[in-house]
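Read off the chains here:
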Amino acid sequence: QVQVVESGGGSVQPGESLRLSCAASKSRFNIVAMSWYRQAAGNERERVAIITWGGRAVYEDSFEDRFTISIDNTNNIAYLEMRNLRPEDTALYFCKVIAGVAGEPGSDFDSWGQGTQVIVSS
């Protein structure tokens, strides 16, 4: 299986920036894509952005102006750079890895990390 560990969260003031990291374990599986989700207290989990192994990124509405997703496919790390943070960005941020077996398109499966907490407040 693929192990997923997020890091880089913390407590910041509005307007500041953070860069989150998602490290996926090396295994026999090929990573198809890595994505970032977030879940605020009392809210449903929502996707922020997804990036393919080849570096193609797609953002959900309202995120692409301030957030940037990137991938280091040599070291199996996805990053989420967050700029001009707002109190409403406060949430637990999760990384999801989509992986599968080479040559078997239907074998893809999801692996989730435990999340890293981001708190934006004065």
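As a reminder, the structure under discussion sits directly above these lines.
Residues numbered from 1 in each chain as written. Predicted model: local features only at pLDDT ≥ 70, side-chain atom pairs only at ≥ 80, totals over all residues. Heavy atoms only, no water.

Caption draft 1: Molecular detail of the sheet that holds strand β8 (residues 77–82). Ordered by their spatial adjacency, 4 strands build an open sheet running β1-β3-β8-β7, and the pairing between neighbours is antiparallel. Every interior strand has two partners, whereas the edge strands, β1 (4–7) and β7 (67–72), have only one. When the angles between neighbouring strand axes are averaged without regard to direction, this sheet yields 15°. Note: β7 against β8, 6 bridges, orientation antiparallel. Looking across to β8, one finds that Ile69 is bridged to Leu80. (Pairing = 2+ DSSP bridges. Helix = DSSP H or I, 4+ residues; strand = E, 2+ residues; numbered from the N terminus. Axes fitted to C-alpha atoms, helices over the stretch in contact; angles between N-to-C directions.)

Caption draft 2: Focus on the pattern of salt bridges. This model, assessed by the stated rule, comprises 6 salt bridges. Arg38 serves as the salt-bridge partner of Glu46, at 2.9 Å between the closest nitrogen and oxygen. What makes Glu46 partly exposed here is its relative accessible area of 35%. For Arg38, a relative accessible area of 10% corresponds to the buried category. (Salt bridge = Lys/Arg side-chain N within 4 Å of Asp/Glu carboxyl O. Buried < 20%, exposed > 50% of the residue type's maximum accessible area, 1.4 Å probe, protein only.)

Caption draft 3: Spotlight on the pairing of β1. Side-chain alternation along β1 places Val4 and Glu6 on a buried face and Val5 and Ser7 on a face that remains uncovered. When β1 meets strand β3 (residues 18–24), the two strands line up antiparallel, connected through 4 bridges. Counterpart to Val5 in the pairing with β3 is Ala23.

Caption draft 4: A look at the nonpolar core. Ranked by internal contacts, the top residues of the largest apolar core, which has 29 residues, are Met34, Trp36, Phe67, Leu80, Met82, Tyr93 and Val97. Among the elements of the structure, β3, β4 (30–39), β5 (46–52), β7, β8, β9 (91–100) and β11 (116–120) are those that each provide at least two residues to this core. Tallying contributions element by element places β9 first for this core, with 5 residues. (Core = buried A, V, L, I, M, F, W, Y, C linked by side-chain atoms within 4.5 Å.)

Caption draft 5: Region of the structure containing the environment of Asn43. Residue placement: Asn43 occurs in the loop between β4 and β5. Overall, the relative accessible area of 48% leaves Asn43 in the partly exposed class. The spacing of Asn43 and Ala91 is 48 residues in sequence and 9.3 Å in space, taken between C-alpha atoms.

Caption draft 6: Main features of the environment of Arg56. Its location among the elements puts Arg56 in the loop between β5 and β6 (57–59). Sequence separation of Arg56 and Ile69 is 13 residues, and the distance between their C-alpha atoms is 9.6 Å. Other than its neighbours up to four places away in sequence, Arg56 contacts Ile50 and Ile51. (Contact = heavy atoms within 4.5 Å.)

Caption draft 7: Structural view of the pairing of β3. Buried residues dominate β3, accounting for 5 of its 7 residues. Strand direction decides the pairing type here: β3 and β8, joined by 6 bridges, are antiparallel. The partner of Ala23 across the bridge, within β8, is Ile77.

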